[in-house]
Amino acid sequence: MKIMLNLFLHSPPHIKSEPENEELYHSPKHKNVKQWSLKVAKKFDFAEDEKFQLFFSYNLSDIKPKKKTKDKKGEVRADGKKKAKKEPEEKWKWWEEERYTDGVKWKFLEHKGPVFAPPYEPLPSNVKFYYDGRPMKLSLEAEEVATFFAKMLDHEYTTKDVFRKNFFKDWRKEMTSEEKAKITDLNKCDFSEMNEYFKAQSEARKAMTKQEKQKIKEENERLLLEYGYCVMDNHRERIANFRIEPPGLFRGRGDHPKMGMLKRRIRPEDIIVNCSKDSEHPKPPPGTKWKEVRHDNKVTWLVSWTENIQGAIKYIMLNPSSRIKGEKDWQKYETARRLKKCVDSLRAQYREDWKSKEMRIRQRAVALYFIDKLALRAGNEKEEGETADTVGCCSLRVEHLNLYPEKDGQEYVVEFDFLGKDSIRYYNKVPVEKRVFKNLQLFMENKQPEDDLFDRLNTTILNKHLQELMDGLTAKVFRTYNASITLQQQLKELTSENVSAKILSYNRANRAVAILCNHQRAPPKTFEKSMQNLQTKIDAKKEQLADAKRELKSAKADAKVRRDEKSKKAVETKKKAVQRIEEQLMKLEVQATDREENKQIALGTSKLNYLDPRISVAWCKKWGIPVEKIYNKTQREKFAWAIDMADEDFEF
DNA sequence: TGGTCAACTTAGTATTCAGACT
DNA sequence: AGTCTGAATACTAAGTTGACCA
């Protein structure tokens, strides 16, 4: 199994040092061997995953069950013979294999560990920091933190009080006692020279020659090849995030009390490595140690560390295309489909519960109604002052809704206005059933605006209840279910004739879901401009159309006078031209509509996380639309299981 | 019963890339 | 070839859920 690596380890011929100024901070050990073996690989044009094998102790083709026998690696390479071009290797269909049942996530796991952030590079001496108008040389530690702030100067974050306060407090912790004594007021700090330096740097980066850019690209590819994959149970799998988050200033979303705090640098001593006992364990950089190496095959992560802002654990895990993520995703949609089967009786049940004598049951039932009807999130309690003040269903407060017995010609209207996940505003006016309305009035009676709406309910209680109604049912299943069923229904309703119109319909259906789930985005910075460009195009096209019509008219007149074949033909040609231009115009207008409607709506999140991909795949197959029109490469990789297994009859 | 922690999914935004346009 | 733009990807914050413990 370890043939390859050993072979190379024993006989590296003159190990030419790698090109200078290469950023090899991440792969300090063995680099020459790897460097060399990579060169060999390139020279001989080995297939990609053969290159990959150079880095691992594990020889995939020895164990891959389905692969036809290939020649033994060792021999081929030993004599340096060029291999036949790899035939496109068939993709592993994990969805056709048996799954683990007992909570075991894998039997074998080998990887190379994380890639650390590059070390801090001190500023050149001509780039100065000024305090109170006078230049001041900072210690390395203080300087590094100062650069984090300097880089953000153009961002409005740095104008916020909380951000500045948190930053300054953490910055001072990094200062020497002299610096601390001197630097007492952030307002007297002048980072502008540093800021300009970084701007110049990024300009310089943009202005690099092709060659230089190419070199960086190649280095990144090499890094990806070595650190970007692991071996899990006989298969090479892509890792999602193999780089450790670099230090910097914490940027929370919304009104976050911790914005501006220093996110500290992660060292090997902070890292817990998870892999199998019998794998080749990743090595920490020379002179360092891992915090711990464990072998827990009941979890999916490869590396973890504790972050210092919230004390949360961060993980390195696999890509969505991996078996371990794919199975879970598939399972999620199967749970949602089971909900479909029982949702009617479940709805009947909570409607009954609106009448319950018990307050807790009424609250539970009304909350569930919101989760079902409005696709609200569960809404866990959060620690006050630790995070932005956001809520979900169970954590709604009285101040987040207004009740209108009658509004805009509708009865029993509830107006929601609150900040949800990521501090995205949820605003909605919905007519509800009378019983719900009465219940809400009751829940809000004698309460202050900042009191909980559902004071007898939390997510634990709700999910316990749901679990009793259906195995595997939790609040978030409703979001998945409602999103997917909405897509399916909309696709049935909206579909139209030609391909581009169909794709517009698909986007519309997708958009209906995004609106349901309140997936918003900031309007792109270039939005107005790009709309304008499109409008210019449309105007030009209109003019072109007018011209074409004029020409057609005169051709007709001409034909009337001349009455010969040639002029008749000319009329036909002009007619065609008008038609063609009309179509083009329509297409542009459709595009403009699509874009306008999408201004503040993000389709990606629902597409990636809520819509059963089999619905989309089935739709594509039914209408002969290439799946590439709907899913890009990454998405096709993530949804490979669905693309392979769904036929046009698939019903969610 | 409530609090904490761990593990995992979901989320918007910043950055990079690629290809259309000039 | 250089620039501009939208799409793809990278990044990492912010949720949900369930287990465990007192």
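Since the structure is predicted, the reported quantities are computational estimates derived from the model, not experimental observations. (Residues numbered from 1 in each chain as written. Chains lettered and ligands numbered in written order. Predicted model: local features only at pLDDT ≥ 70, side-chain atom pairs only at ≥ 80, totals over all residues. Heavy atoms only, no water.)

Asks: Any details on the side chain of Ser 484? Residues and values, ideally.
Replies: One can find Ser 484 in helix α15 (residues 475-494). Classification of Ser 484 by relative accessible area gives buried; the value is 0%. Reaching out from Ser 484, the side chain makes a polar contact with the backbone oxygen of Tyr 610 at a distance of 2.8 Å. For Ser 484, the side chain forms a polar contact with the main-chain nitrogen of Asp 612, separated by 2.9 Å. Ser 484 has contacts with Tyr 333, Tyr 610, Leu 611, Asp 612, Ile 615 and Phe 652, leaving out every residue within four places of it along the chain. (Helix = DSSP H or I, 4+ residues; strand = E, 2+ residues; numbered from the N terminus. Buried < 20%, exposed > 50% of the residue type's maximum accessible area, 1.4 Å probe, protein only. Polar contact = N/O pair within 3.5 Å; in protein donor to acceptor, adjacent residues only side chain to side chain. Contact = heavy atoms within 4.5 Å.)

Asks: Now, about helix α17 (residues 527-562): what can you tell me, with residues and values included?
Replies: Here α17 is 36 residues long and its end C-alpha atoms lie 52 Å apart, about the 52 Å a rise of 1.5 Å per residue gives. Within α17 the residues assigned to the buried category are Phe 527, Met 531, Leu 534, Ile 538, Lys 541, Leu 545, Ala 548, Leu 552, Ala 555 and Ala 559. Turning to α17, the residues buried within the fold contact α18 (565-597). (Expected span 1.5 Å × (residues − 1).)

Asks: Go over the packing of α15 against helix α16 (residues 499-516) with me, naming the residues and quoting the values.
Replies: In contact at an axis separation of 9 Å, α15 and α16 are set at 150 degrees when each is read in the N-to-C sense. When the interaxial angle is binned, α15 and α16 end up roughly antiparallel. When the axes of α15 and α16 are compared, the crossing they make is right-handed. Residue-level inspection shows Asn 482, Ala 483, Thr 486, Leu 487, Gln 490, Leu 491 and Leu 494 of α15 in contact with α16, the latter providing Ser 505, Tyr 506, Arg 508, Ala 509, Asn 510, Ala 512, Val 513 and Leu 516. (Axes fitted to C-alpha atoms, helices over the stretch in contact; angles between N-to-C directions. Parallel < 35°, antiparallel > 145°, perpendicular 65-115°, else oblique. Left-handed = near helix turned anticlockwise from the far one by under 90°.)

Asks: Any details on the protein's contact with DNA strand C? Residues and values, ideally.
Replies: Of all residues adjacent to DNA strand C, which total 31 residues, the nearest are Arg 253, Lys 314, Gly 379, Ser 530 and Thr 634. Here the atoms of DNA strand C within 4 Å of the protein split so that 91% fall in sugar or phosphate, with bases taking the remainder. The separation between a phosphate oxygen of DNA strand C and a polar main-chain atom of Asp 422 is 3.1 Å. Within the backbone of Ala 475, a nitrogen or oxygen atom sits 3.2 Å from a phosphate oxygen of DNA strand C. Mapped onto the surface near DNA strand C, the elements with two or more residues apiece are α15 and α17. A per-element tally of the surface near DNA strand C places α17 first, with three residues. The class makeup of the residues in the surface near DNA strand C is four nonpolar, 14 polar and 13 charged. (Near = heavy atom within 4 Å. Nonpolar A, V, L, I, M, F, W, Y, C, P; charged D, E, K, R; others polar.)

Asks: Explain the packing of aromatic side chains to me, using residue names and the numbers behind them.
Replies: Scanning the entire structure with this criterion turns up 29 aromatic pairs. Centre to centre, the rings of Phe 443 and Phe 454 are 5.9 Å apart; their planes meet at 65 degrees, and the pair counts as edge-to-face. Note that Phe 443 is positioned in helix α13 (residues 434-444) and Phe 454 in the loop between α13 and α14 (459-469), a separation of 11 residues in sequence. Accessibility classification places Phe 443 together with Phe 454 in one group, the buried group. Within the aromatic cluster, the residues linked to one another by ring pairs are Tyr 350, Trp 354, Tyr 369, Phe 370, Phe 416, Phe 418, Tyr 426, Phe 443 and Phe 454. Lying over the aromatic face of Trp 330, Arg 99 brings its terminal NZ or CZ to 5.1 Å of the ring centre. (Phe/Tyr/Trp six-rings, centres within 6.5 Å; stacked < 30°, edge-to-face > 60°. Lys NZ or Arg CZ within 6 Å of the ring centre and 35° of its normal.)

Asks: Can you break down the sheet that holds strand β12 (residues 313-316) residue by residue, with the values?
Replies: In spatial order, the strands read β10-β9-β11-β12; together these four strands make up an open sheet with mixed pairing. The open sheet has two free edges, formed respectively by β10 (292-294) and β12, since each of these has just one partner strand. On average, adjacent strands in this sheet sit at an angle of 20 degrees to one another, irrespective of strand direction. The sheet contact formed by strand β9 (residues 272-274) and β10 spans three bridges and is parallel. Residue pairing across strands places Val 273 opposite Val 293, the latter belonging to β10. (Pairing = 2+ DSSP bridges.)

Asks: How would you explain the domain arrangement of chain A if you had to name every residue and give the values?
Replies: Here the domain parsing of chain A yields domain 1 (2-62), domain 2 (109-116 + 210-319), domain 3 (129-206), domain 4 (324-476) and domain 5 (485-645). A C-alpha centroid distance of 28 Å is found between domain 2 and domain 3. Listed as interface residues are 15 residues of domain 2 and, on the opposing side, 16 residues of domain 3. Contact between domain 2 and domain 3 buries roughly 1200 Å² in total, counting both sides, with carbon and sulfur atoms accounting for 64%. Of all residues in domain 2, the largest losses of buried area upon contact with domain 3 belong to Leu 249, Met 259 and Leu 262, amounting jointly to 46% of the total for that side. The interface formed by domain 2 and domain 3 contains one salt bridge. (Domains from an automatic or database assignment. Buried area = accessible area lost by both parts, 1.4 Å probe. Salt bridge = Lys/Arg side-chain N within 4 Å of Asp/Glu carboxyl O.)

Asks: Residues and numbers for the sheet that holds strand β15 (residues 425-431), please.
Replies: With antiparallel pairing, the three strands of this open sheet are ordered in space as β13-β14-β15. Unpaired on one side and paired on the other, β13 (401-407) and β15 mark the two borders of the sheet. Within the sheet, the average angular offset between the axes of one strand and its neighbour, ignoring direction, is 15 degrees. Sheet analysis places β13 next to strand β14 (residues 410-419), joined by six bridges and oriented antiparallel. By the bridge assignment, Lys 407 is partnered in β14 with Gln 410. Of the strands in this sheet, β13 and β14 are in contact with α13, which crosses β13 at around 135 degrees.

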